[in-house]
Amino acid sequence: MVERTDGDAAPAASAGTTTDSDTARAARTGVSRWAWERPGRWTRGRVIAGLALLTALLLAFPRVLPNRPGHLGSLLEAFLPWLGLPIVVLLACALLRRSVTALLFLLLPVAAWAYAFGGLFLAAPQPGERDLVVVQHNVSDVNPDPAGTARTLAGAGPDLIALEELVPAALPAYEKALAPDFRFHEVRGTVGIWSKHPLTDTRAVDIKPKEIEEGWSRGLRTVVHTPQGEVAAYVAHLPSVRVGTSGFASAWRDESAHLLGRAVAAETVGRVIVLGDLNSTVDDRGLSPLTSQLNVSERGFGFSFPASFPLARIDQVLARSATVGRIHTLPATGSDHLPVTARITLR
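Predicted model only: the values in this text are computed from it and were never measured.

**Student:** Explain unusual backbone geometry to me, and be specific about the residues and the numbers.
**Tutor:** Looking along the chain, the bond that leaves Phe305 and enters Pro306 is cis, with omega of -10 degrees. Counting through the fold element by element, Pro306 comes out in the loop between α10 (288-291) and β11 (315-320). Here the phi dihedral of Glu165 falls at roughly 60 degrees; this positive angle occurs in a residue that is not glycine. Its location among the elements puts Glu165 in the loop between β2 (160-164) and α8 (171-178). Residue classification places Glu165 among the partly exposed residues on the basis of a relative accessible area of 22%.

**Student:** Just give me the short version of the sheet that holds strand β5 (residues 199-204), but keep the residues and values in it.
**Tutor:** Judged by pairing direction, the sheet is mixed, and its five strands sit side by side in the order β5-β6-β7-β10-β11 without closing on themselves. Each edge of the open sheet is held by one strand with a lone partner, namely β5 and β11. For this sheet, the mean angle separating the axes of adjacent strands, direction not counted, is 15 degrees. Of the strand pairs in this sheet, strand β6 (residues 219-226) and strand β7 (residues 229-237) are connected by eight bridges, and their pairing is antiparallel. Bridging across to β7, Val224 finds its partner in Val231.

**Student:** An account of the pairing of β2 is needed here, citing residue identities and associated values.
**Tutor:** With five of five residues buried, β2 is to be regarded as a mostly interior element. Sheet topology note: the strand β1 (residues 131-138)/β2 ladder contains five bridges and is parallel. Bridge pairing links Val134 to Leu160 in β2. Read as a crossover between parallel neighbours, the route from β1 over helix α7 (residues 146-154) to β2 is right-handed.

**Student:** Lay out helix α6 (residues 100-117) in plain terms, naming residues and giving numbers.
**Tutor:** Taking 1.5 Å of rise per residue, 18 residues should cover 26 Å, and α6 covers 26 Å from first to last C-alpha, within 8% of that figure. Buried within α6 are the following residues: Thr101, Ala102, Leu106, Pro109, Ala112 and Phe117. Take α6 and look down its axis: the buried residues cluster within an arc of 125 degrees, on one side only. Across from the buried face of α6, at angles greater than 90 degrees, the exposed residues are Leu107 and Tyr115. On its buried face, α6 is in contact with α3 (46-60) and α5 (84-97).

Criteria and cut-off values
Residues numbered from 1 in each chain as written. Predicted model: local features only at pLDDT ≥ 70, side-chain atom pairs only at ≥ 80, totals over all residues. Heavy atoms only, no water. Helix = DSSP H or I, 4+ residues; strand = E, 2+ residues; numbered from the N terminus. Buried < 20%, exposed > 50% of the residue type's maximum accessible area, 1.4 Å probe, protein only. Pairing = 2+ DSSP bridges. Axes fitted to C-alpha atoms, helices over the stretch in contact; angles between N-to-C directions. Right-handed = clockwise from strand over helix to strand, strands pointing away. Expected span 1.5 Å × (residues − 1). Arc of directions from axis to C-beta. Contact = heavy atoms within 4.5 Å.

That's the geometry; what it means functionally is another story.
Written out as structure tokens, the structure reads:
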């Protein structure tokens, strides 16, 4: 028998055998050897953490996504608030994985979403004496009940009502139903405005993209003589967009927005209100010719389209030298859009 001398190395600990160092480490930290050796909660969920970081980046800086090809940037911006849903999904995945790392990274998109949209939940300022109540509605050219639609809009008690997709067959019904409360109105092409205050200097505004045939008229400008002074009001219906295999087709809409923005920039009346179906949200870079020079509502989501399951607010109320209050929707009419209403405080 050979005895081990002091110079002989001690046999290596076999797998599953707790060494003195393991025991000492566990005693110092209070963490079991199993927790040290098993892939831990700090290393799990790296993919979830990466997706959370990407979501936060898109929420905070949506324009990092290029608009070519397929206007993907505009498509993202049109539905930007809905990036809150992936956050919920990622949270559920992080909890299932028991990943502390993923949960910490999820704080980034939560903070980005709250910064971008949390203010929309805040209470609106109290109504003031200088407020104008406006209603904006694409009434649909196939609306089966124009008179009922007009009564719904008038029931909100507005000072101004802007309508799009006015077809000749339905126009008399709107005029008759709105006449008792709105003495003044103007129509150009398929857009119109009804007002409790006098209107002057009304004219059509050319926002027709070059490739669209003649006879397309979807813009007007008028001056509203309110008790607080003159306000230039624009009513517009920008071209529709489509989502297909080639992406987000918005070239005509963008061109029309540029023309409308140029008209507003040249407006000599100091206070301006723009009402219309702009076929996108105020976050969409395609509307920047307007949103860059006008104030938008900072209260309320007001999702207006489609009426059956509203996903986005494409019916807009914008203003210059005035503040747009909370936007909210009115009850459904015979249109595929919901009406939106807001208070505008003139400066």
